[in-house]
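# Report on the structure
The residues making up each chain are set out below.
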Amino acid sequence: MKKYITLSLVSCLVGLTFISCNKSKQNNKGALSSNAAEKVYVAPGEYDEYYGFFSGGFSGQLSVYGLPSGRLFKVIPVFSQDPEKGYGYSEETKPMLMTSHGFIPWDDSHHPDISQTNGELDGRWIFINGNNTPRIARIDLEDFSTAEIIEIPNSAGNHSSSFVTENTEYVVAGTRFSVPIPQRDIPIKEYKGNFKGSLSFIKVDQQSGEMDLAFQIQMPGFNYDLSHPGRGKSHGWFFFTTYNTEEAHSLLEVNASQNDKDFIAAVNWKKAEEYIKAGKGKKMPAKYAHNKFDNATHMATHTMKEEVLILDASEFPDLVYLLPTPKSPHGCDVDPSGEYIIGNGKLSANLTVHSFTKMLDAIEKKKFDGEAYGLPILKFEDVLAGVVEQPGLGPLHTEFDGKGNAYTTFFISSEVVKWKLGTWEIIDRKPTFYSVGHLMIPGGNSRKPDGKYLVAMNKITKDRYLPVGPDLNHSAQLYDISGDKMELLLDFPTIGEPHYAAAIKADKIKDKARQIYKLDENKHPYAAKSPAETKVTRNGKEVHIYMTMIRSHFTPDNIEGIKVGDKVYFHVTNLEQDFDVPHGISMLGANTAELLVTPGKTETFVWEPKQVGVWPFYCTDFCSALHQEMQGYVRVSPADSTLPLSWSLDDE
Amino acid sequence: MKKSSILMIVGAGLLLSLFYFPLWNIELGAPQYPIPLGMNIYIDGIKGVGEFDLQNIDGLNHYIGMKTIPKPEQMWEFTVFPLVVASMAILGIALGIGGYFNKVKPSFFLVWLIVMALLGIAGMYDFNLWLIDYGSDLDPHAIMKMVDAQGNPLTYEPPLFGHRKILNFDAYSYPHLGAYLMGLGLLLTFLAFVLGTKSKKQ
């Protein structure tokens, strides 16, 4: 009996030792995490190494973060109205949000992609898609503002977008939901065969960046989920994952998950160009908006286009090939060499990697395994490069570090897995918090990834930050991937839902970032470029105020002769030519947002006074020591008043 | 004598660089102006270092009631200085050429140098008068009227040379490339006189 007591005492002691061992391990971890702090710490006044552009998801915008610090620099309004900057509220920017369905003040922005030259990020522009009412926007990385939005006709759920080819020849946009093309009134049950998908190729002018919908490839009625361009050896091809090859129209959760394999559609876009050049494209009527912002007039214009060129893939047997890929693949990613095409079958236990070389070989030898709507299907075994066995649950997206490694996110098992291209072995795995969607390595979808950091974008935040009610911002997580093992460095909350992000070395952008707009170059028709040019004019019930702002007053700041029922346009020019000195203006009772006018710019808001009285306006951006004094009054007289218009500053 | 005459020609010729390079530079830095605002003073006018620096200096100065930075036509100096500099350069070069052909004695070089130095001192004196006027002749309706500890109104003139703290601004005032080239020119003309005198004695 004594023996047993001694034994249990000994085991207790052993147990205690283990516990204290564990404790000392935890202390070690403490030392490690202070190391992590150093890696993300950017001292006051110092700059981050990368610009990170995160899509705003259901906010419709694009946010700009610094990496590795995770500091938010700016939210660029793209598809949604932004009262903070007057975007979509000012007369100049309202046309940016026009579509064939009228004015749409919101969208769901998904995948930003930075322009490339020779397969490398060049930092000229960043493109992003609006998923809901299909649109592609171009953001100018000189002034970090939306320069252009083009609507995509014959598309619905603009999800496999907006990805650029390696010299930014095209921005490509695919449809997630197939729809009747052209749209018509038919029973939903007649989906099969009647609904179509479309893949849009938008040409980009290399000088101005201006977009033009060059052609669309009409496809079978599958769902085109994500896409990536070929690069290097596979430049000239574009790859799209598909799901719902079952062509189900209801309860897709079940009915679109029946086929053992869906497809990656490999599109030979150089071939498509040849067909278009040879006049094989069919012109089809289509209504879509093309909105451009002009930095000289500081105004956007909205025009409607009437026609689109279409290539029906089923009529051209060498345009599109289908690569069988297990179980509803989501992400479609191409490695930096252009050889491997990774289909992240989200319901599959394994990760499928196709070989571009094998694909070309199979095409040449015409080793087809049937066809779907006239598109040749290649044999799975003939194009397979390899399989990553049992990597995790629910693979979504893969990026690359340029050192022969790939990193895949697993939504269901909440982790990032690092594996080796070619050997398909798993090297490391790290948990994410929680339910990770996309991941991003700066340049990770280009020919030259910068394999230093990885950002995972998580859908569920739960307990990562102080609770703020039932709705939490999504969370991004920064990993150091410079070593063999990944190391979690930082959590930071994001705007809306960052589906995808793109990052670029700060050096490629920061020195060309605009500081002011030159007043000399302001071609706004209602600009007042000096206090001497200010005036108020009336044309019936329409009143135009030409106003200037400078530290710290408006000219004019007293206006009389406005009447109830007038439509009053405030055209306000910021005369400052100094970096970071915007002025704001807002008017009591105006049914719109403030304007935030950057130096040298002219912007306009409309005020329709409804009540007699004297109403103030003021500067909304603390501009100077006498910002509080930057204010003015408008006298509103009854509708039948005969008081003439007058305006003044300091009673002069 | 030929060597010294060439030195005289080059030295006097260097005065002409004042038509291309600023004589003086004043920089104004503050916490919110990490890249300082700056003005370059040329013999024929004042220009901003950055494209909009003058406009921004004027914009800030209006709070304390300073006059705007003068345009060339608002100060007689900017008309007279170029004439004086051009005349002296031509005269100096002519003396040098005269010396080269042995028509002019080296002592004339020295006379030229003394005249030039006197003109320079007069110019600096005038420049300083302008600085004082610019910094102290303030608008009585100025937005901010600042006084020192004794209750005297503050003045804001930038220093003629060196550093001065003006409210939140650090003002630095130093000669610029034109002045250095002119200085080098004067040195050369002095050398011309010394060498010329020596060669005459031999």
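Residues numbered from 1 in each chain as written. Chains lettered and ligands numbered in written order. Predicted model: local features only at pLDDT ≥ 70, side-chain atom pairs only at ≥ 80, totals over all residues. Heavy atoms only, no water.

### Let's talk about the overall build of chain B
- For chain B, the count of helices and strands is five helices and five strands.
- From first element to last, N terminus to C terminus, chain B shows the α and β order α-β-β-β-α-α-α-β-β-α.
- Rg of the C-alpha trace for chain B: 21 Å, well past the compact-globule value of 17 Å for 202 residues, more than 25% over.
- Along the three orthogonal principal directions, the C-alpha set of chain B runs to about 70 × 35 × 30 Å.
- In chain B, which comprises 202 residues, the proportion classed as buried is 43%. (Helix = DSSP H or I, 4+ residues; strand = E, 2+ residues; numbered from the N terminus. Rg over C-alpha atoms; globule rule 2.2 N^0.38 Å. Buried < 20%, exposed > 50% of the residue type's maximum accessible area, 1.4 Å probe, protein only.)

### A closer look at the pattern of salt bridges
Residues and elements named next belong to chain A.
- Under the defined criterion, the tally for this structure stands at 38 salt bridges over all chains.
- Put simply, K452 and E49 hold a salt bridge, and the shortest N to O gap is 2.9 Å. Highlighted residues: K452 in the loop between β31 (436-440) and β32 (453-458) and E49 in the loop between α1 (2-40) and β1 (50-55), separated in sequence by 403 residues.
- Taking the relative accessible area as the measure of exposure, E49 reaches 24% and is therefore partly exposed.
- The salt bridge partner of K505 is E49, with a shortest N-O separation of 2.8 Å. (Salt bridge = Lys/Arg side-chain N within 4 Å of Asp/Glu carboxyl O.)

### Some thoughts on the side chain of R551 of chain A
- When you line up the elements, R551 of chain A lands in the loop between β37 (542-550) and β38 (553-555).
- A distance of 3.5 Å separates a polar atom in the side chain of R551 of chain A from a polar atom in the side chain of D578 of chain A.
- Residues contacting R551 of chain A, with those up to four places away along its chain left out, are E576, D578, V581, H583, C623 and S624 of chain A together with Y33, N56, L60, H62 and Y63 of chain B. (Polar contact = N/O pair within 3.5 Å; in protein donor to acceptor, adjacent residues only side chain to side chain. Contact = heavy atoms within 4.5 Å.)

### A word on the packing of helix α3 (residues 77-100) of chain B against helix α4 (residues 106-136) of chain B
All names here are of chain B.
- At their nearest, the axes of α3 and α4 sit 10 Å apart, and the two run at 170 degrees to each other. Between α3 and α4, the crossing angle belongs to the class labelled roughly antiparallel. When you trace α3 past α4, the crossing you get is left-handed. Taking contact as the criterion, the partners of E77, F81, V84, M88, L91, G92, L95, G96 and G99 in α3 are, on α4, F108, F109, W112, V115, M116, L119, G123 and D126.
- Split into classes, the residues belonging to the contact of α3 with α4 amount to eleven nonpolar, four polar and two charged. (Axes fitted to C-alpha atoms, helices over the stretch in contact; angles between N-to-C directions. Parallel < 35°, antiparallel > 145°, perpendicular 65-115°, else oblique. Left-handed = near helix turned anticlockwise from the far one by under 90°. Nonpolar A, V, L, I, M, F, W, Y, C, P; charged D, E, K, R; others polar.)

### Some points on the nonpolar core
- Ranked by size, the top nonpolar core spans 29 residues in total, and within it F201, I217, M219 and V320 of chain A carry the most contacts.
- In contact with M219 of chain A, other than residues within four places in its own chain, are K196, G197, L199, Y224, A265, A313, V320 and L375 of chain A. (Core = buried A, V, L, I, M, F, W, Y, C linked by side-chain atoms within 4.5 Å.)

### A closer look at the packing of aromatic side chains
- The tally for this structure, following the rule as stated, stands at 38 aromatic pairs over all chains.
- Ring centres of W237 of chain A and F356 of chain A lie 6.0 Å apart, and the angle between their planes is 75 degrees; on these two criteria the pair is classed as edge-to-face. With W237 of chain A in strand β16 (residues 237-243) and F356 of chain A in helix α5 (residues 356-364), the pair connects residues that are 119 residues apart, well separated along the chain.
- With a relative accessible area of 9%, W237 of chain A lands in the buried category.
- Aromatic side chains W24 of chain B and F127 of chain B sit 6.0 Å apart centroid to centroid with 65 degrees between the ring planes, which places their arrangement in the edge-to-face category. Here W24 of chain B is found in strand β1 (residues 24-30), whereas its partner F127 of chain B is found in helix α4, with 103 residues between them in sequence. Of the two residues, W24 of chain B and F127 of chain B, both sit in the buried class.
- Each residue in the set Y170, F201, F215, F238, F240 and W269 of chain A is aromatic and connected to the rest through ring pairs, giving one cluster. (Phe/Tyr/Trp six-rings, centres within 6.5 Å; stacked < 30°, edge-to-face > 60°.)

### Thoughts on the confidence of the model for chain B
- When pLDDT is averaged along chain B, the result is 93; 100% of the residues meet or exceed 70.
- In the predicted complex, the global pTM is 0.91; the interface-specific ipTM is 0.87. (pLDDT = per-residue confidence, 0-100.)

### A few points about unusual backbone geometry
Residues and elements named next belong to chain A.
- Put simply, R551 and S552 share a cis peptide bond, and its omega is 0 degrees.
- Relative to the helices and strands, S552 resides in the loop between β37 and β38.
- At the junction of T555 and P556, the peptide bond is cis and its omega measures out at -10 degrees in the coordinates.
- With respect to the element layout, P556 can be found in the loop between β38 and β39 (558-563).

### Notes on the sheet that holds β1 of chain B
Residue and element names in this part refer to chain B.
- The strand order across the open sheet formed by five strands is β3-β2-β1-β5-β4, and the pairing between neighbours is antiparallel. Only two strands of the sheet have a single neighbouring strand rather than two, namely β3 (45-48) and β4 (162-166). Taken over all neighbouring pairs, the strand axes of this sheet differ in orientation by 20 degrees on average, direction set aside.
- Pairing geometry for β1 and strand β2 (residues 33-42), over six bridges, is antiparallel. If you follow N25 over to β2, its bridge partner there is N40.
- Contacting β1, β2, β3 and β5 (169-175), helix α2 (residues 53-61) crosses the sheet at an angle of about 110 degrees to β2. (Pairing = 2+ DSSP bridges.)

### Description of the side chain of S4 of chain B
Residue and element names in this part refer to chain B.
- Counting through the fold element by element, S4 comes out in helix α1 (residues 2-13).
- Relative accessible area serves as the criterion here: at 1%, S4 is assigned to the buried category.
- Excluding its chain neighbours within four sequence positions, the residues that come into contact with S4 are F109, A192, L195 and G196.

### Things to note about the environment of E73 of chain B
- With respect to the helices and strands, E73 of chain B occurs in the loop between α2 and α3.
- Residues E73 of chain B and D44 of chain B lie 29 residues apart in sequence; the distance between their C-alpha atoms is 9.4 Å.

### Examining the pairing of strand β28 (residues 405-410) of chain A
All names here are of chain A.
- For β28, the tally of buried residues reaches six of six residues, placing the bulk of the element in the interior.
- The side-chain alternation of β28 yields two buried faces, one formed by N405, Y407 and T409 and the other by A406, T408 and F410.
- Bridge count between strand β27 (residues 395-400) and β28: four bridges; the pairing is antiparallel. Among the inter-strand pairings, P395 is bridged to a residue of β28, identified as F410.
- In textbook terms, the turn of a hairpin is the stretch between consecutive antiparallel strands, and for β28 and strand β29 (residues 415-420) this stretch comprises four residues, one of which, S414, has a positive phi near 50 degrees.

### What about the interface of chain B and chain A?
- Tallying the contact residues gives nine residues for chain B and ten residues for chain A.
- The junction of chain B with chain A conceals about 810 Å² of combined surface from both sides, 49% of it contributed by carbon and sulfur atoms.
- The largest contributions to the chain B side of the interface with chain A come from F52, N56 and Y63 of chain B, which together make up 50% of the buried area.
- Taken together, the connections running from chain B to chain A amount to one salt bridge. (Buried area = accessible area lost by both parts, 1.4 Å probe.)

### Quick look at the sheet that holds strand β21 (residues 329-334) of chain A
All names here are of chain A.
- Pairing within the open sheet is antiparallel, and its four strands lie in the order β21-β22-β23-β26. The sheet is open, and its two borders are formed by β21 and β26 (384-388), each paired with just one other strand. Shown here is a sheet whose adjacent strand axes are inclined to one another by a mean of 20 degrees, direction ignored.
- With four bridges connecting them, β21 and strand β22 (residues 340-345) associate as antiparallel partners. What sits directly across from V334, in β22, is I341.
- Packing of α5 onto the sheet brings it into contact with β22, β23 (351-355) and β26, and relative to β23 it is tilted by some 60 degrees.

### Thoughts on helix α4 (residues 269-277) of chain A
Residue and element names in this part refer to chain A.
- Burial in α4 covers these residues: W269, A272 and Y275. Around the axis of α4, the buried residues are gathered within 105 degrees of arc, so they sit on the same side.
- Check the buried side of α4 and you find it contacts β11 (170-174), β13 (195-204), β14 (211-219), β16, β17 (261-268) and β19 (299-312). (Arc of directions from axis to C-beta.)

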